[in-house]
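# Fold and geometry: a report
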Amino acid sequence: MGALRPWHIAILVAVLILLFGAKRLPDTARSLGRSLRIIKAETKSLRDDDGDLAEKADAQAGYQPLPPQAGQQQYAPQPQQPVDPVQRVRDN
């Protein structure tokens, strides 16, 4: 039922020639081939990029922050006291 028979292909070719004309079919096929080549190249580059990202993520996992140099102070945030919303409104 789902198999293409030779007469199916012949009817398809005849319909394509009637729709597009004999002159436009080679150009259409050439454009389709270029598009498929571009899609193939893009999907290959996406797969390569995904592999590169995984390698970079693994390589950066072992990095440690640099220790502070002499004469530099480390920033340590001061713990803040919780602010009462009612008091905050009264102050403004």
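Structure's up top.
Starting afresh in each chain, residues are numbered from 1 along the sequence in its written order. This being a predicted model, a pLDDT of at least 70 is required before a residue's local features are given, and a value of 80 or more before pairs of side-chain atoms are given or counted; all residues contribute to the totals for chains, interfaces and linings. Each side-chain value is derived from all of the structure's non-hydrogen atoms; neither hydrogens nor water enter the calculation.

Once that is clear, we can look at the overall build of the protein. Each helix is a run of H or I in the DSSP string that is no shorter than four residues. Each strand is a run of E no shorter than two, and both are numbered from the N terminus. In terms of helices and strands, the protein carries three helices and zero strands. Along the protein, helices and strands appear, N-terminal first, in the series α-α-α. Here the protein holds 92 residues, and 0% of them are scored as buried. Areas reported here follow the Shrake-Rupley algorithm with a probe of radius 1.4 Å; residue values treat only the protein chains shown as occluding. Looking at the protein as shown, the accessible area adds up to about 9,500 Å², and 60% of this sits on carbon and sulfur atoms. The rule is simple: take the accessible area with a 1.4 Å probe, protein chains only, and divide by the maximum for that residue type; under 20% is buried, over 50% is exposed, in between is partly exposed.

The term salt bridge refers to a pairing of a side-chain nitrogen on Lys or Arg with a carboxyl oxygen on Asp or Glu at a separation within 4 Å. In this structure the tally under the stated criterion is one salt bridge. A salt bridge links Arg30 to Asp27; the shortest N-O distance between them is 2.8 Å. In this pair, Arg30 and Asp27 are both assigned in helix H2 (residues 24-60), three residues apart and thus about one turn of the helix distant. On the basis of relative accessibility, which here comes to 43%, the residue Arg30 falls in the partly exposed class. Given the relative accessible area of 42%, Asp27 is considered partly exposed.

With that settled, consider helix H1 (residues 6-20). How far a helix is expected to stretch is found by multiplying one less than its residue total by 1.5 Å. The first and last C-alpha atoms of H1 sit 21 Å apart over 15 residues, in line with the 21 Å expected at 1.5 Å per residue. Phi for Gly21, located one or two positions after H1, is positive at around 90 degrees.

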